[in-house]
Amino acid sequence: MAPPNNESNPTPKATATAAPKIATAAATAAKASPASSPPPCLFSLKDGELTVGGGEAAKAALLTGVPGNVTLTPFAAVFDPNTAAPRELVERAVANARRGAFLGFTLPPEAAAATDRAACRVGRLPGPRDFLSVFRFKTWWSTAWAGRRGRDLQMETQWVLLEVPKLAAAGARYILVLPLVQGKFRSAIFPSAGNDDGVVICAESGSKAVTDTDFSRIATSTPATTRTRSCTKLTSPPGCTSAPSGWLIQEKAPPPIVDRFGWCTWDAFYLTVDPAGVWQGVSELAGAGLPPRFVIIDDGWQSVSRDGDPPHSDASSGLVLGGDQMTARLHRFDECPRFRSYRSGALLRRPPETFYDKDLPKAVIRKAAEIENTGKAKKKAAAAAAQGGAVDLSSFDAKIAELRHELEKLLAKKDAVLGKLCSANDVAGGGGDGDIGLKAFMKDMRRRFPALDDVYVWQALCGGWGGVRPGATPLDARVVPARPSPGLAGTMHDLAVDRIIEGGIGLVHPDQAGELYESMHSYLAGAGVTGVKVDVIHTLEYVCEDHGGRVELAKAYYDGLSKSIAKNFDGTGIIASMQQCNDFFFLGTRQVAMGRAGDDFWFEDPNGDPMGVYWLQGAHMVNCAYNSLWMGQFIRPDWDMFQSDHACAAFHAASRAICGGPVYVSDSLGGHDFALLRRLVFPDGTVPRCLHYALPTRDCLFKNPLFDQQTVLKIWNLNKFGGVIGAFNCQGAGWDPAEHRVRGYSHCYKPVTGKVWPADVEWRQREETSAMANATSYAVYRCQTEELLLMTVHSEPIQFTLQPSSFELFTFAPVTTTGGATKVRFAPIGMVDLLNCGGAIVDMEYGSGGEMRMKVKGSGRLLVYSDVKPRRSLVDGCEAEFEWGSGGKLMVEVTRKQDKDGVSDVVFHY
């Protein structure tokens, strides 16, 4: 085969990258050692200034006015290469040991004694200097924040990326300041009081019994070679044992669901989820040719009760909306009565579409929402009355009583249907095998839906939202009052926090954390469940006072969780949620290879802003993109579910198509946009996933794509034979530092302009795509306008304008000139009926006779760029008509093959 004349100078034919293995200490112990005479550290602390760089011309002050008790310790001074981390990571750390340092402090001599919470002003951030940061706006969730001065920092900042342009030549243009875990303390960054641009690092243990005076390795300061480059070498390197560096994504295999389409029950049912509803939801999608390959049975399936309930009664039957369940606790480890009463064969014999009213779950949810809204109105009226107004609150009570009666009737109707379905007489002769409960339901689901590979169920880290009910199980569980850290005082008001503080946590003793998870997970695995979505993770920091502090309590629980996941769910069957705090990433990611990148998908504003149905979607997208810069080093970012019939469904779908994670929806019964879903999902239920995880492009990292009225959020990702840029107008909402909440900025909800060019794609992030950066020209396809353009590396960027809550996807494919008698400039775009069209290209070869051979998955229109009209085209060996026009737009229709995993062979002859 004659090699083509490649404009992109590509490496040999790309092959799929093998999933990373979970490393063992014996297999990965490093043999390298630091150089005998290492060059000096890039960072220095002298005369009250923390500087980076060497020589006055290439030196910049990061902090000024640094007090004498602040310390700087170069990595090289404490690095031990004989660590049980993967060899590749250790070698990288060895090579970069001089480039970073620990930043910390000791308590000053005048300090009275050791403390459990030490806040040290480490200096002043001289400005103006652009920075990007991520901070916790709720206990569980974080968001991006850009600024130029120290006063712009927010509380509970998890990391800060500083731009230092004068050090670009030294490879230190971007500096990451990263709070760490040291010993039994974790840390975060805060602004100093007042507006003096001071920077504070706060170390806390969470227990007054756990104190210290030395916090000299509580943070790191390191350069980033590019803004979106991997941060693995920016965390404390392997071998610096006082500061854990976590388990990186390279050390773990992702869960199989990452490549599959799924459905989550949450928005369809909330807490009223039941077997018939789950069956009906899967049936609707599968019947439309979109078989879910995984299902998440979200909150509502567990056996929970409240402290005042009889010992073995179950409160799940009366719970509807999120919030009602947050003071309830697990009283047994199996399923609630709605699932427990299921009998084998019930839904095989009588599918729910023959009797189940798919509008009933919506009616139940609407009625519960009416009760909730009436209660809110009553609280407002009571507040007005307290200010001297004359308000009759009895009318609210009467209305709530009436609505509750109506809700009880709807719930009774729902229970009656399930009761009849699962009665012994109704199931007789239904082909069951005698199993009951969740196990019987799992078996029947797989018999009916053979494409269904995985079923995950929801749980809280402590079992239920309120933990485990004392005395209800053999475990030593005690109700511990919940006390948030002082550092969370400035975060957004949160109903979940209110309810957890109200009820406390039924905390299983940390010595029995492993038994808790084994009791739950061994039962679930035996029933056919293949994984868990672990939620409400950061409640541990509320209840750590008597258990050695937050770090030690977290270690005990994460150790038990990791061992149980390894034993019961193949080591990968877990999604982490409500986990966006740094101590989770350092301590809890041994088995966790996937986690939520943003806060919850909200289909409307829970606080009543009618525009929230739009602006909340952009806020969610920005959170996912920027959080992934940090989280993506440890876990595969999960951009969460959405609803395919939502007003902004296409906006969400475009981001999920290129996010690099799983694609799943939470559609209500009957609430599907199948046409949109077919642009995301192959007919076999897999998805054309990108190789990497989506990250912001360089030119919008230090911008505010939420409410600066000018910045388009652009995210990039990679496919095997090209790259993709997603452009999204997310303007219209964001964090309000004065009001301490995310709110709408209606004056920003307007069109914005942007531009893209090939350099927006970080081609060199992966070895198999790095050669594409060398291309001299690219074919570019615009998803929305269906334009095919040709760009060189010197072309002016493509200009575009986006309306509010709208998007465009740009697929970039390097142009290659082939050998043979006829020179052809060729670039594969992909299956353009899919949003991530380039992800459908499985393989490509340039034949010695001038033919182009492609393997593509799916069906629909295949688009390539070709400056020469081909003589003929073949699809799976058969002649196929094609369209070729000026500008090199070559299109052929591909019909999906039922065999070979739906992959078709396409050949163009010249």
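Per an unreviewed UniProt entry, the protein goes by the name galactinol--sucrose galactosyltransferase and belongs to Urochloa decumbens. Of the protein, the UniProt comment under Catalytic activity (unreviewed entry) reads exactly: "alpha-D-galactosyl-(1->3)-1D-myo-inositol + sucrose = raffinose + myo-inositol". UniProt annotates the protein under Sequence similarities (unreviewed entry) with the comment "Belongs to the glycosyl hydrolases 36 family."

(A) Structural detail: empty space enclosed by the protein. This structure, assessed with the given rule, holds 12 cavities of 30 Å³ or more. As for the largest cavity, its lining consists of 14 residues, of which Leu-63, Leu-125, Leu-162, Val-177 and Val-199 are closest to the centre. Counting only elements with at least two residues in the lining of the largest cavity, the list comes to strand 3 (59-63), strand 9 (157-163) and strand 13 (198-204). Residues belonging to the lining of the largest cavity are distributed by class as follows: 13 nonpolar, one polar and no charged. Reported here for the second largest cavity is a volume of approximately 100 Å³. Of the residues assigned to the lining of the second largest cavity, the class counts are seven nonpolar, five polar and one charged.

(B) Representation of the UniProt feature "coiled-coil region" (unreviewed entry) in the protein within the structure. Following the UniProt record, one finds the feature "coiled-coil region" (unreviewed entry) at residues 393-420. Within the segment residues 393-420, helix and strand shares are 96% and 0% respectively, and the terminal C-alpha atoms sit 41 Å apart.

(C) Representation of the pattern of salt bridges in the model. A complete count under the given rule lists 50 salt bridges for this structure. Put simply, Lys-367 and Glu-406 hold a salt bridge, and the shortest N to O gap is 2.7 Å. Residue Lys-367 is located in helix 8 (residues 360-386), and its partner Glu-406 is located in helix 9 (residues 394-421); the two are separated by 39 residues in the primary sequence. Exposure remark for Glu-406: the relative accessible area of 26% places this residue in the partly exposed category. The shortest N-O distance in the salt bridge between Arg-596 and Asp-600 comes to 3.0 Å.

Reading guide: rules and limits
Residues numbered from 1 in each chain as written. Predicted model: local features only at pLDDT ≥ 70, side-chain atom pairs only at ≥ 80, totals over all residues. Heavy atoms only, no water. UniProt positions renumbered as here; feature names shortened; annotations may be inferred. 1 Å grid on protein atoms, 1.4 Å probe; cavity = no way out; pocket = protein on both sides within 12 Å on 5 of 7 lines; lining within 4 Å. Points joined across faces, edges and corners; volume = space filled by probe spheres on them. Helix = DSSP H or I, 4+ residues; strand = E, 2+ residues; numbered from the N terminus. Nonpolar A, V, L, I, M, F, W, Y, C, P; charged D, E, K, R; others polar. Salt bridge = Lys/Arg side-chain N within 4 Å of Asp/Glu carboxyl O. Buried < 20%, exposed > 50% of the residue type's maximum accessible area, 1.4 Å probe, protein only.

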